[in-house]
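# Understanding the architecture of this molecule
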Amino acid sequence: AEMSLRISMRLGEGYNNNVRLVSDSHPSVTITTIAPAIEIKARTETVTAVAKAQASINRYRGDSDLNATDLAIEASMTKLYERNEIGVRTEYVRDSTLASELSQTGVVQENRQRARTSVNPSWTTQLSERASVQLGYDFAQIKYEDAAGTGLTDYRTESPYGVFSYRLSERSSL
């Protein structure tokens, strides 16, 4: 069995002259970010397991209402059989809408804390040396703190999927 541990720390400093994306008078901010992270991996011939955790502490000088501490925790595991692979990935993310909504929609309606939980199981089978089928399911639940009157609403998504893959040659696939 192989095992690995990776610990990292990211430090950042930034400047934004319109962090709230408004056209009227607004303050400029300096953003300081401290982001520690850890990743643990374990692997055998047939099983791979990975666990990751990261925090991101963001402090806004000039608009302390935007201060936030974001957290992301992820775990995944795959099991290989002769012609099959079964996997599951799960993730919990707690972040501010300043980070999540801006990256997803380009607009921040209100700055609130968001919690996203997702689970993604999958199964892949090799039909032949070149052909495979994958079936899976994506589930995500999003909840906002103190969202009353903001236009933000809790929601969830569920998406089953199927993929057929065929390798035309050793280097290409369809």
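Rules used throughout
Every chain begins its residue count from 1, and numbering advances along the sequence as written. Totals for whole chains, interfaces and linings use every residue, but because this is a predicted model, local features are given only for residues with pLDDT of at least 70 and side-chain atom pairs only at 80 or more, for both listing and counting. To obtain the side-chain values, all non-hydrogen atoms of the structure were included, while hydrogens and water were left out. Helix and strand definitions here come from DSSP, where helices need a minimum of 4 consecutive H or I residues and strands a minimum of 2 consecutive E residues; each element is numbered from the N-terminal end. What the globule rule says is 2.2 Å times the number of residues to the power 0.38, and the radius of gyration is computed from C-alpha atoms. Remark: exposure states derive from per-residue accessible area (1.4 Å probe, protein chains only) relative to the maximum for the residue type, with buried under 20%, exposed over 50%, and partly exposed in between. Contact criterion: two residues are considered in contact whenever any of their non-hydrogen atoms come within 4.5 Å of each other. Note on areas: Shrake-Rupley with a 1.4 Å probe; residue coverage comes only from the protein chains shown. Neither His nor the chain ends is counted toward charge; the positive residues are Lys and Arg and the negative residues Asp and Glu. Where a charge lies is defined by one atom per residue type: Lys uses NZ, Arg uses CZ, Asp uses CG and Glu uses CD. Only Phe, Tyr and Trp rings take part, Trp by its six-membered ring, and two of them pair if their centres are within 6.5 Å. Stacked means planes under 30 degrees apart, edge-to-face means over 60, and tilted covers everything else. Consider the ring centre and the ring normal. A charge sits over the ring if Lys NZ or Arg CZ is within 6 Å of that centre and within 35 degrees of that normal. Salt bridges are identified by distance alone: a Lys or Arg side-chain nitrogen within 4 Å of an Asp or Glu carboxyl oxygen. Nine residue types can take part in a nonpolar core, namely buried Ala, Val, Leu, Ile, Met, Phe, Trp, Tyr and Cys, and a core is a set of them joined through side-chain atoms within 4.5 Å. By definition, no residue in a patch forms a salt bridge, and every one has over 30% relative accessible area; like charges are joined within 9 Å, nonpolar side chains (Val, Leu, Ile, Met, Phe, Trp, Tyr) within 5 Å. Strands are labelled as partners when DSSP assigns at least two bridges between them. Note on geometry: axes are C-alpha line fits, over the in-contact stretch for helices, and angles between N-to-C directions span 0 to 180 degrees.

## Some thoughts on the overall build of the chain
Each helix and strand in the chain was counted, giving one helix and eight strands. Its helices and strands in sequence order give the chain the pattern β-β-β-β-β-α-β-β-β, from N to C terminus. Relative to its length of 174 residues, the chain is extended, with a C-alpha radius of gyration of 21 Å against a globular reference of 16 Å. In terms of its C-alpha atoms, the chain occupies a principal-axis envelope of roughly 65 × 35 × 30 Å. Out of the 174 residues in the chain, the part that is buried amounts to 27%. Contacts spanning at least 24 positions in sequence make up 48% of the contacts within the chain whose residues lie at least 6 apart. Accessible surface, the chain: about 11,400 Å² in total, of which carbon and sulfur atoms supply 54%. Once the 20 positive and 22 negative side-chain charges of the chain are each reduced to a mean point, those two points are 4 Å apart.

## Considerations on the packing of aromatic side chains
Summed over the entire model, instances satisfying the criterion amount to zero aromatic pairs. Across from the ring centre of Tyr81, 5.2 Å away, lies the NZ or CZ of Lys79, which sits over that ring.

## Quick word on the pattern of salt bridges
For the coordinates displayed, the defined rule picks out eight salt bridges. In this structure, Arg156 and Glu158 form a salt bridge, with 2.7 Å as the shortest nitrogen-oxygen distance. On the accessibility criterion, Glu158 (39% relative accessible area) is partly exposed. One network of salt bridges, in which partners are shared, links Glu74, Arg89, Glu91 and Arg116.

## What about the nonpolar core?
Counting six residues, the largest nonpolar core consists of Val19, Val29, Ile31, Tyr60, Leu66 and Leu98. Counting residues in hydrophobic clusters, the runner-up holds five residues, among them Ala140, Tyr144, Ala147 and Leu152.

## Regarding the environment of Ala68
One can find Ala68 in strand 4 (residues 68–80). Judged by relative accessible area, which is 4%, Ala68 ranks as buried. Sequence spacing of Ala68 and Thr33 is 35 residues, and the spatial spacing of their C-alpha atoms is 9.8 Å. Apart from residues lying up to four places away in sequence, Ala68 is in contact with Ser56, Ile57, Asn58, Arg59, Ser96 and Gln113.

## With respect to a nonpolar patch on the surface
A surface patch of nonpolar side chains, amounting to about 530 Å² of accessible area, comprises Met3, Leu5, Ile7, Ile38 and Ile40. At the level of secondary structure, the elements contributing two or more residues to the nonpolar patch comprise strand 1 (2–16) and strand 2 (29–43). The element contributing the most residues to the nonpolar patch is strand 1, with three residues. Within the secondary structure layout, Ile7 lies in strand 1.

## What about the sheet that holds strand 5 (residues 84–96)?
Within the open sheet, the eight strands sit side by side as 1-2-3-4-5-6-7-8. Their pairing is antiparallel. At either end of the open sheet lies a strand with only one pairing partner, and these are strand 1 and strand 8 (155–166). Here the average twist between neighbouring strands, direction ignored, is 10 degrees. Pairing of strand 3 (residues 47–61) with strand 4 involves 12 bridges; the strand directions are antiparallel.

## Some points on the pairing of strand 2
Of the pairings in the sheet, the one linking strand 1 to strand 2 comprises 15 bridges and is antiparallel in character. Note on strand 2: the bridge partner recorded for Met3 is Ala42. Two strands pair when backbone bridges link them, and strand 2 and strand 3 are joined in this way by 12 bridges, in the antiparallel orientation. Its bridge partner lying in strand 3, Ala42 is registered against Ala49. Between strand 2 and strand 3, which pair antiparallel in sequence order, lie three residues.

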